[in-house]
Every structure is written in structure tokens, then in C-alpha cells.
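# Remarks on the overall topology
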Amino acid sequence: MDLILETRGLSKRFGGLVAVDNVDIRLGKGELRCIIGPNGCGKTTFFNLITGNLKPSSGRVIFRGTDITGWAVHDISQLGICRKFQVPSIFEGLTVFENMRVPYYARAKPSIFGRAQLAKNVNAEIMGHLERVNLADHAHELAKNLAHGQKQWLEIGMVLASRPSLMLLDEPTAGMTVAETKLTAELVRKISEETDLSILVIEHDLSFVKEVALKVTVMYKGAIFREGIYDEIQEDREIRDIYLGRHR
Ligand SMILES: Nc1ncnc2c1ncn2[C@@H]1O[C@H](COP(=O)(O)OP(=O)(O)OP(=O)(O)O)[C@@H](O)[C@H]1O
Ligand SMILES: [Mg+2]
């Protein structure tokens, strides 16, 4: 398997608490993987270690063959790992379309003569991304007027606009209605099928996981508890007990 991301013995301690415990994960190029696990089991901390928001206590992070352990957030995102946080961080006072332009202009520094051409190409690309995230019809609406689910989609669109090779989504369906959750699952699966992006999704909602994931990594108390396809995970009694708080 051609790997895009690998962690080796990745750990993070906060004082006496081991938030991430010796995690080895191997994600293939183009793979779509869900990470599930109960509250506080270390999922977001694991993402923070990949993106450079936190430095690991021990272990390595390898991205496309490069050891990026300890790199700065900015350098890691430049290299192609882009992330959507648990809480949406869009610009409420801008339109949907203007929000989508932000990642382009943050990245590109074209000459004055190149700007017009850039704008033309970018506009077409943005509309393509907006189609993908179900927002093409809302391009000229102010972001603050979007429904909660649509704001989350806009943020996924902005991640796409930054042209990553690995996209990390932290609970993209948080606070969504059942209908929005289903649409989000379809949208993520479609992005995975139609692009060569690799995607890691942290998700609590098992209906979402069922809809999108081939492979699921289950975390528990900072460590990997199981890895398998959804059907295996769903039938696993110990995993059900973890979710119901019955596991010791
Ligand atoms: N900066 C920090 N300082 C100290 N403890 C932290 C810090 N960040 C996280 N923790 C602790 O590490 C553990 C893992 O937290 P984390 O946020 O990674 O869990 P999670 O699986 O993402 O949970 P949730 O499902 O609620 O989002 C928790 O016990 C949390 O309180
Ligand atoms: Mg979290």
C-alpha cells in the first residue's frame, strides 16, 4: 500500500494523563478512514499532533515519506495537510464565495499581471468546490445567513480550496440534524470517490460512519482499540460497551 500518513508510537502526555498512547496508524493514499471513540479518548489530541498544534511527547509523524514530527503548523499545512476544526471558523461577514477565495489568496502571491488570470481560474475552481459541498446556489449569500450544517460544508469547501493531499475533519456533523448528517456523509464519500484526496474523519455519529467508511479505527483511552470495516466494528460487543461506558 502506498502510504500518505504514518504515525509510529505517537504519544502525548499532559502531566500524569496519557491523552494519546503509542498510536501507530497507517493511512493509504486516497483512503477515507473514520476514527471513532468515546469523549475524551484522545481523538482531537491525535489530530493536533499530526497538524503540529501540539508537539508529541514521543513517537513520529511521517507524511508522504517525510518525517514532520515537531514541524510548525504553517509548514505542515503548506506541505498539504489541511484541517477542519470541531467549531466552524468561517468569516460570517463575507459571502460564501468570498470565504472560498480566502485560502487562494492566502497561498498565492501573483504579480499584478497574473492576478486577472488567477482570478478567472480560481473562480471556476471555487464554483466546482461549491458544487461538491452543496453550496453552489448560495455562493452570493452572506455566510452568517447559512444554516448550521451549511456553515460546516462551507468550511469543508475552504479546506478543499486549499488543495490539500490529506484532509482532517474533526466531527464534521457536530450539531447537525439527521438530514444534514446524511447529506454530509454523502458529500464526504463523494469527495473521496471523485478526488485523490486522503481523508481522516473523527466522528461520533455511527450512522455517518456507516454511510462513508470502509475502514474504521476505534480509539479508547488514548490508544487504538480496534481497526476494521464498519460491519465488524458495529457487531463488536466490547466496542458497544465502550460507547455505553460499560467497558473496564
Ligand atoms: N491542552 C490540554 N491540556 C491538558 N489536558 C488536555 C489538553 N487537551 C486535551 N486534554 C485531555 O486529553 C484527553 C483527550 O482529549 P481530546 O480532546 O483529545 O479527546 P476527544 O477524543 O477529542 O474528545 P471529544 O470526543 O469530546 O472531542 C482528555 O482527557 C482531555 O481533557
Ligand atoms: Mg475532540
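Relevant structure appears above.
Summarised in this report is the structure supplied together with it.

Each value, and the rule that gives it
- Residues numbered from 1 in each chain as written.
- Chains lettered and ligands numbered in written order.
- Predicted model: local features only at pLDDT ≥ 70, side-chain atom pairs only at ≥ 80, totals over all residues.
- Heavy atoms only, no water.
- Buried < 20%, exposed > 50% of the residue type's maximum accessible area, 1.4 Å probe, protein only.
- Helix = DSSP H or I, 4+ residues; strand = E, 2+ residues; numbered from the N terminus.
- 1 Å grid on protein atoms, 1.4 Å probe; cavity = no way out; pocket = protein on both sides within 12 Å on 5 of 7 lines; lining within 4 Å.
- Points joined across faces, edges and corners; volume = space filled by probe spheres on them.
- Nonpolar A, V, L, I, M, F, W, Y, C, P; charged D, E, K, R; others polar.
- Salt bridge = Lys/Arg side-chain N within 4 Å of Asp/Glu carboxyl O.
- Pairing = 2+ DSSP bridges.
- Axes fitted to C-alpha atoms, helices over the stretch in contact; angles between N-to-C directions.
- Core = buried A, V, L, I, M, F, W, Y, C linked by side-chain atoms within 4.5 Å.
- Contact = heavy atoms within 4.5 Å.
- Phe/Tyr/Trp six-rings, centres within 6.5 Å; stacked < 30°, edge-to-face > 60°.
- Expected span 1.5 Å × (residues − 1).
- Near = heavy atom within 4 Å.
- Polar contact = N/O pair within 3.5 Å; in protein donor to acceptor, adjacent residues only side chain to side chain.
- Areas by Shrake-Rupley, 256 points an atom, 1.4 Å probe, with all protein chains shown as cover.
- Right-handed = clockwise from strand over helix to strand, strands pointing away.

## Quick look at helix α1 (residues 43-51)
Of all 9 residues in α1, 8 are buried, a share of seventy percent or more. Downstream of α1 by a residue or two, Gly-52 has a phi angle that is positive, lying close to 90°.

## Digging into empty space enclosed by the protein
In the structure shown here, the tally under the stated rule is 1 cavity of 30 Å³ or more. By volume, the largest cavity is sized at about 30 Å³. A breakdown of the residues in the lining of the largest cavity according to their chemical character gives 8 nonpolar, 3 polar and no charged.

## Quick word on the pattern of salt bridges
Considering all chains together, one arrives at 16 salt bridges under this definition. Here Asp-67 and Arg-60 are joined by a salt bridge, their closest N and O atoms 3.0 Å apart. A relative accessible area of 32% places Asp-67 in the partly exposed class. With a shortest N-O distance of 3.4 Å, Lys-84 and Glu-155 are connected by a salt bridge. Of this pair, Lys-84 sits in strand β6 (residues 81-84) while Glu-155 is found in helix α5 (residues 148-161), placing the two residues 71 residues apart along the sequence. The residues Lys-84 and Glu-155 share a single accessibility class, namely buried.

## Digging into the sheet that holds strand β9 (residues 215-220)
Hydrogen bonds along the backbone pair up the strands of a sheet, which may run parallel or antiparallel. Across the sheet, which stays open at both edges, the 6 strands sit in the order β6-β7-β8-β3-β9-β10 with mixed pairing between neighbours. At either margin of the open sheet sits one strand with a lone partner, and together these are β6 and β10 (223-229). Neighbour to neighbour, the strand axes of the sheet diverge by 20° on average, direction disregarded. In this sheet, strand β8 (residues 198-202) lies alongside strand β7 (residues 166-170) in parallel orientation, the contact comprising 5 bridges. Each residue of the ladder has a partner; that of Met-167, found in β8, is Ile-199.

## So, the nonpolar core
In this structure, Leu-130, Leu-154, Met-167 and Ile-199 are the most contacted members of the largest nonpolar core, which totals 44 residues. Tallying contributions element by element places α5 first for this core, with 7 residues. Not counting residues up to four positions away in its chain, the partners in contact with Ile-199 are Glu-31, Leu-32, Arg-33, Leu-166, Met-167, Leu-169, Val-188, Ile-191 and Ser-192. Judged by nonpolar contacts, the second largest core, of 23 residues, contains Ile-35, Cys-41, Phe-46 and Phe-63.

## Some thoughts on the packing of aromatic side chains
Here the distance between the centres and the angle between the planes together describe a pair of aromatic rings. This model, assessed by the stated rule, comprises 1 aromatic pair. Considering the side-chain rings of Tyr-220 and Phe-225, the 5.7 Å spacing of their centres and the 75° angle between planes classify their relative orientation as edge-to-face. Assessed through its relative accessible area of 15%, Tyr-220 is described here as buried.

## Notes on α5
Taking 1.5 Å per residue as the helical rise, α5 with its 14 residues ought to reach 20 Å, and the 20 Å between its terminal C-alpha atoms agrees with that figure. Here α5 lies mainly inside the structure; 13 of its 14 residues are buried. Of the residues trailing α5, Arg-163 is marked for its positive phi of about 50°.

## Digging into the site of ligand 1
In the vicinity of ligand 1 lie 14 residues, with Asn-39, Gly-40, Lys-43, Thr-44 and Thr-45 positioned nearest. Between ligand 1 and Gly-40, the relevant distance is 2.8 Å, taken from an oxygen atom to a main-chain nitrogen or oxygen of the residue. The side chain of Lys-43 places a nitrogen or oxygen atom 2.8 Å from an oxygen atom of ligand 1. Relative to its unbound accessible area of 640 Å², ligand 1 is 61% covered by the protein chains. Listed by contribution, the elements that provide at least two residues to the shell around ligand 1 are β2 (17-28) and α1. At 3 residues, α1 tops the list of elements feeding residues into the shell around ligand 1. Looking at the shell around ligand 1 residue by residue, the classes come out as 5 nonpolar, 7 polar and 2 charged.

## A look at the pairing of β8
With 5 of its 5 residues buried, β8 lies for the most part within the structure. Going residue by residue along β8, you find Ser-198, Leu-200 and Ile-202 tucked away on one face and Ile-199 and Val-201 tucked away on the opposite face as well. The sheet contact formed by strand β3 (residues 32-36) and β8 spans 4 bridges and is parallel. Among the inter-strand pairings, Ile-35 is bridged to a residue of β8, identified as Ile-202. Between the parallel pair β7 and β8, the chain is carried across by helix α6 (residues 178-194), and the sense of this crossover is right-handed.

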